[in-house]
Amino acid sequence: MTAVAAMALTACGGGSNASGEDGDVVLRFSWWGSDARATTTNEIIKAFEEENPGIKIQGEYGDWSGYWDKLATQVASNDAPDVIQMDDKYLREYADRGALLDLSDVDTSKFEDVAVENGRTEDGVFGITTGINSFTLTTNPEILAEAGIEMPDDRTWTWDDYREITEKISAEVDGKYGAAAPNEPAGLQSWLRQGGKHLTTDEGVLGFEASDLSGYFQHHLDLMENGSYPGASGLAEDQNSGPDRSMTGTGTAAFGMWWSNQLGALSAASGVDLVPLRLPTHTGNPKDSGLWYKSSMLMSASARTKHPEETQKFIDYMVNSETAGQLNQMDRGLPANTEVRELVVAELDDLEALSARFVTELEEDLSGAEPIPPMGFSAIQDIAYRYELEVFFKRQTPDEAAQKAIAEMEAAIS
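This write-up is about the structure you can find in this document.

### Looking at the overall build of the protein
Next up, step 1: Scanning the protein from terminus to terminus reveals 17 helices and 14 strands.
Next up, step 2: Over its C-alpha atoms the protein spans a radius of gyration of 21 Å, differing by no more than 12% from the 22 Å that the globule rule assigns to 414 residues.
Next up, step 3: Across its three principal axes, the protein shows a C-alpha extent of roughly 65 × 45 × 35 Å.
Next up, step 4: Out of the 414 residues in the protein, the part that is buried amounts to 58%.
Next up, step 5: Residue pairs in contact within the protein that sit at least 24 positions apart in sequence constitute 76% of those at least 6 positions apart.
Next up, step 6: Looking at the protein as shown, the accessible area adds up to about 16,600 Å², and 46% of this sits on carbon and sulfur atoms.
Next up, step 7: Mean positive and mean negative side-chain charge positions of the protein (30 and 71 charges, respectively) differ by 3 Å.

### Concerning a negative patch on the surface
Next up, step 1: A contiguous patch of negative charge, built from Glu142, Asp273, Asp349 and Asp350, is present on the exposed surface.
Next up, step 2: In this fold, Glu142 is placed in helix 6 (residues 141-146).
Next up, step 3: Taking relative accessible area as the criterion, Glu142 reaches 48% and is therefore assigned partly exposed.

### Details of the nonpolar core
Next up, step 1: Counting residues in each nonpolar core, the largest one holds 53 residues, and the members touching the most others are Ile169, Leu213, Phe255 and Met409.
Next up, step 2: Those residues in contact with Ile169, other than ones at most four positions away along the chain, are Ile143, Leu144, Ala147, Ile149, Lys176, Tyr177, Gly178, Ala254 and Phe255.
Next up, step 3: Counting 42 residues, the second largest nonpolar core, distinct from the first, contains Trp31, Phe111, Ala356 and Leu362.

### Thoughts on the pairing of strand 6 (residues 128-133)
Next up, step 1: Where burial is concerned, most of strand 6 is hidden: six out of the six residues are buried.
Next up, step 2: Looking at chain direction, strand 6 and strand 13 (residues 294-301) are connected through five bridges and run antiparallel. Across the sheet, the residue bridging to Asn133 is Lys294, located in strand 13.
Next up, step 3: As paired elements, strand 6 and strand 14 (residues 334-335) share two bridges and run antiparallel to each other. Following the sheet pairing, Ile132 is matched in strand 14 by Leu334.

Conventions and cut-offs
Note that residues are indexed from 1 along each chain, following the sequence as it is written. Whole-chain, interface and lining totals are the exception, using all residues; otherwise, since this is a predicted model, local features are given only for residues with pLDDT of at least 70 and side-chain atom pairs are given and counted only at 80 or more. With hydrogens and water set aside, each side-chain value is computed from the structure's full complement of heavy atoms. Helix numbering and strand numbering both begin at the N terminus, where a helix is a DSSP run of H or I of at least 4 residues and a strand a DSSP run of E of at least 2. Computation of the radius of gyration draws on C-alpha atoms, with the globule rule given as 2.2 Å multiplied by the number of residues to the power 0.38. Only protein chains enter the accessibility calculation, which uses a 1.4 Å probe. A residue is then buried if its area is under 20% of the maximum for its type, exposed if over 50%, and partly exposed in between. Here, residues are in contact when the closest pair of their heavy atoms is within 4.5 Å. We get accessible surface area from the Shrake-Rupley algorithm with a probe of 1.4 Å; when it comes to residues, only the shown protein chains can shield them. Working convention for charge: Lys and Arg count positive, Asp and Glu count negative, and His plus the chain ends are omitted. Charged side chains are reduced to one point each, which is NZ for Lys, CZ for Arg, CG for Asp and CD for Glu. Residues enter patches when they are more than 30% accessible in relative terms and free of salt bridges; like-charged ones are connected within 9 Å and nonpolar ones (Val, Leu, Ile, Met, Phe, Trp, Tyr) within 5 Å. What counts as a salt bridge is simple: a side-chain nitrogen of Lys or Arg found within 4 Å of a carboxyl oxygen of Asp or Glu. Among buried residues, those of type Ala, Val, Leu, Ile, Met, Phe, Trp, Tyr and Cys that are joined through side-chain atoms within 4.5 Å constitute a nonpolar core. Strands are labelled as partners when DSSP assigns at least two bridges between them.

What follows is the structure, given as structure tokens:
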């Protein structure tokens, strides 16, 4: 936050990049992701450069854990990349400080309204959605088969069903568990939405009470104590692992909460064709699942770029070109451009096609968009994880942890 604030003091000076030795415009583009995403992105860059002589793209990528610290440092030192792969948790932290370029001129005419609004604040459009996805319960059918359990009907099952199923799996399959550690903040968001609330509101304040959070912590503690989860140490390890090394990625958990665009990578890591399911509900009605379409990620641009026209041209290529869509496929979400989406879905392999169908078939059960996260929202993920571990290790009760977590969350977004 301090680094981002420094951007506001220097937003009117300098620029991020200039020209190459041959007079070409050179744009820096930063993103996080796997090695596979890096390979694909470099292919997109090559295709863009071939179609746009005179513009060169210098790629910078890393993993999620170090990406945001590096970006904050770059912004504070007036060295931000021209094009920035953005997550909605951080959008307002940069946009509201004047660090991002208004991208209202990028063509979003083929986008659904929700995809456009995911990147808009009251001051303009500061993120262009690459693709949409939904929070899912990623399921390992081989572990279910080992336990003699059929694939659940995700349109009717409840959290009570989930507890019974996951407890049975842990008891009957050696070395495997019913479920992996919770995934935050989306797990908490989904739980609250099922109760008609939001993690944060349109006004930028918390949308729930301590009793809601205590109930959520108690839910997960019950899952650990009944054996559905591993013990506290196992949950802590899973919490800190990337997708490939997670319990889902290593094939040691039957169920894991992930975003739909991660299905392919998790399946490749586990060696099993995983199946996406709706989260259970309290009522057994799929319309009470709290589902929503989230921008899997967005493309943003530095307000300090010396080449705003070329920067927006590259972003337009990333989200609207058929070439980029065919190379990205589902890696950055189900394409936000609906025409590109139709083309991509028609060419997907069976697993990715399953993920695409899952996302599109959810539409009738969606319960509205999630408010754009307020400034400081990114801290909520760490706060939720820390206090979950306090509960799992029984250093605090769910009520105690909820009270303290809410106090920290309020301070973070105030």
